[in-house]
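# Chain and residue survey
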Amino acid sequence: MENRKKKAALHNLGCKVNAYETEAMRQLLEAAGYEIVSFEETSDVYLVNTCSVTNMADRKSRQMLHRARKRNPEAVIVAAGCYVQASAEEILESGAADLVIGNNQKGKLLELLSGYEKEQGAFQSVIDIAHTGEYEEMSLEKTAEHTRAFIKIQDGCNQFCSYCIIPFTRGRIRSRKLEDILSEVGRLSFAGYKEVVLTGIHLSSYGKDLEGTVSLLEVIRQVEKIEGIERIRLGSLEPRIVTEEFVKGLASMEKVCPHFHLSLQSGCDETLRRMNRHYTTEEYAVCCDRLRNYYIHPAITTDVIVGFPQETEEEFTETLDFLRRIGFYEMHVFKYSRRRGTKAAAMDGQVKEEVKTERSRRALLLEKELSEEFRQFYEGRAAELLLEEGLEIGGRPYISGYTKEYVKAAIRLTEDTKEILLPGRIVPVKLLKGKGNGWEGMLEAELSDGISGHKVKKLEENPSTAR
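Below or above, wherever it landed, is the structure these notes cover. What you see is a predicted model, and the numbers here were worked out from it, not measured in a lab.

The rules behind each value
- Residues numbered from 1 in each chain as written.
- Predicted model: local features only at pLDDT ≥ 70, side-chain atom pairs only at ≥ 80, totals over all residues.
- Heavy atoms only, no water.
- Helix = DSSP H or I, 4+ residues; strand = E, 2+ residues; numbered from the N terminus.
- Buried < 20%, exposed > 50% of the residue type's maximum accessible area, 1.4 Å probe, protein only.
- Contact = heavy atoms within 4.5 Å.
- Salt bridge = Lys/Arg side-chain N within 4 Å of Asp/Glu carboxyl O.
- Core = buried A, V, L, I, M, F, W, Y, C linked by side-chain atoms within 4.5 Å.
- Expected span 1.5 Å × (residues − 1).
- Arc of directions from axis to C-beta.
- Pairing = 2+ DSSP bridges.
- Axes fitted to C-alpha atoms, helices over the stretch in contact; angles between N-to-C directions.
- Phe/Tyr/Trp six-rings, centres within 6.5 Å; stacked < 30°, edge-to-face > 60°.
- Lys NZ or Arg CZ within 6 Å of the ring centre and 35° of its normal.

Note on placement: Arg-69 falls in helix H2 (residues 55-71). Overall, the relative accessible area of 21% leaves Arg-69 in the partly exposed class. Linking Arg-69 and Tyr-20, residues 49 residues apart in sequence, is a C-alpha distance of 24 Å. In contact with Arg-69, not counting residues within four places along its chain, are Ala-75, Ile-77, Gly-95, Ala-96, Ala-97 and Asp-98.

Okay, here's the thing in structure tokens:
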């Protein structure tokens, strides 16, 4: 009787760095002969790449581990990542996982699985993350997304914001070698990806731990030279990196998308001080002005925490006023989450949950308003769309994609265009206001006048790899 192929199911929680590492572990399992199945199916191995950025993230991590155990009590349950780094013993003692793998150990997944199978008992590999200077090299041949590839180039954080557990779960800053970054981007370009997103836990600190003069700007310059890559996006940036020299350097590179995520957290200086953020609102505003001096209507997005300890109604109102003044395209709004082991957790003046909820509601209403204003600027204007996926609006077929500013738009598919408008292609369009239901958060697009199938195909570097 032929041996049955082992099955593995993976579930990711948290940030884009976690998503990258989950995809890298998926490819390790595939290369070892595992059949990758949905997390909802019966599997021999379940792997949850956990998150610990909020209490809710911890809870979701535990829920997914328990769900896996219930799905197949005989399976090997693997917990990896930030929640593990903070609570390894607790996870093992609870029986939620058989194998726990901390950060900077995920590349050893196959070796650790083999070790567990030999031991047949609870097994862990969690290092003292605070005392490692080693960047764990993991790489991808493909990604879960079909048109853009997220590429991890940095790990760890030295900032110690008073609310944040991440420096304790991810360790100190560690940068990936430039040659490894370029090698991976080259492989992904050859596989047909047009857009790369450079990500890290604290991307702005890239290179500070490396010998020589390799900086984030130099990484971007080198990536821009790689044939087949049409767009470069950046993950979350700290305001202090947005100097005149940095923005001038970015603006000199055609492939860099005018889409910048600048972490803010609060629009009140007193709250920023309590958060241990190292800038003022005025310094932040200057950074936004710099970007707008070099780019026409760039997309600036951010994160906002509401209900931080001691935040008064007046301070929250200051934040709302500042958010409106900057005019963000998108804002990720979070209610403050008390994290054991952080300075903010011990602060007096913890804000009631119902107050946090109400402030979150108001911030999200403003986010919707500002986002709509931003998109309106592009109505009637020319753009290029990187096509991604099909969808149906009003019973008709469309294909959606994103502009360089990350504005989502959709083009109607017809008999004449359905063989031309394929995922992974970049096409010139005119943007229009979407009419009726189904167009929320999105513009309609039509192909630019005079476009032909031949012209569309010329925009594609490697037609043989189109997906």
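It is possible for side chains of opposite charge to pair when their charged atoms get near one another. Here the structure, examined in full by the defined rule, presents 35 salt bridges. Of the charged contacts in the structure, one is a salt bridge between Glu-195 and Arg-148, with a shortest N-O distance of 2.6 Å. One end of the pair, Glu-195, is in strand S9 (residues 195-200); the other, Arg-148, is in strand S7 (residues 148-155), and 47 residues separate them in sequence. Arg-148 matches Glu-195 in its accessibility class, with the two residues each being buried.

What follows covers the nonpolar core. The biggest cluster of nonpolar side chains holds 65 residues, and the ones touching the most others in it are Ile-153, Tyr-163, Leu-216, Ile-220 and Leu-250. When near neighbours in sequence (up to four residues on either side) are disregarded, Tyr-163 contacts Gln-265, Met-275, Arg-277, Ile-305, Phe-308, Tyr-336, Arg-339, Thr-342 and Ala-344.

Between its first and last C-alpha, H2 extends 24 Å over 17 residues, near the 24 Å set by a 1.5 Å rise per residue. Those residues of H2 not exposed but buried are Ala-57, Asp-58, Ser-61, Met-64, Leu-65 and Ala-68. Buried residues of H2, viewed axially, fall in a sector of 130°; they line one side. The secondary structure elements touched by the buried residues of H2 are strand S1 (7-12), strand S3 (45-50), strand S4 (76-81) and helix H3 (82-94).

In spatial order, the strands read S11-S12-S13; together these three strands make up an open sheet with parallel pairing. Two strands bound the open sheet, and with one partner strand each, they are strand S11 (259-261) and strand S13 (330-335). Across this sheet, the average inter-strand angle for adjacent strands is 15°, counted without regard to direction. Packing of helix H12 (residues 353-376) onto the sheet brings it into contact with strand S12 (299-306) and S13, and relative to S13 it is tilted by some 175°.

Pairing is mixed in the closed barrel, where five strands are placed in the order S14-S15-S16-S18-S17. Ignoring strand direction, the axes of neighbouring strands in this sheet form an average angle of 55°. Taken together, the three bridges between strand S16 (residues 408-412) and strand S18 (residues 443-447) define a ladder with parallel strand orientation. Across the sheet, residue Ala-410 finds its bridge partner in S18, namely Glu-444.

The buried fraction of strand S17 (residues 426-432) is high, at five of seven residues. Examined bridge by bridge, strand S14 (residues 382-393) and S17 share five bridges and lie antiparallel to one another. Opposite Glu-384, over in S17, you have Pro-428 as the bridge partner. Direction of pairing for S17 relative to S18: antiparallel, over a ladder of four bridges. Bridging from a neighbouring strand, Val-429 pairs with Leu-447 of S18.

This next bit is on the packing of aromatic side chains. Taken as a whole and assessed by the stated rule, the structure comprises 13 aromatic pairs. Relative to Phe-374, the ring of Tyr-329 lies with its centre 4.4 Å away and its plane at 25°, an arrangement referred to as stacked. You can see Tyr-329 sitting in the loop between helix H11 (313-326) and S13 and its partner Phe-374 sitting in helix H12, a full 45 residues away along the chain. You can call Phe-374 buried: its relative accessible area is 5%. Taken together, the ring pairs connect Tyr-279, Tyr-284, Phe-322 and Phe-328 into an aromatic cluster. Across from the ring centre of Phe-377, 3.9 Å away, lies the NZ or CZ of Arg-381, which sits over that ring.

Okay, unusual backbone geometry next. In this structure, Gln-265 takes a positive phi of about 80° despite not being glycine. When you line up the elements, Gln-265 lands in the loop between S11 and helix H9 (269-275). Even without glycine at this site, Tyr-406 takes up a positive phi of about 65°. Since its relative accessible area comes to 22%, Tyr-406 is described here as partly exposed.

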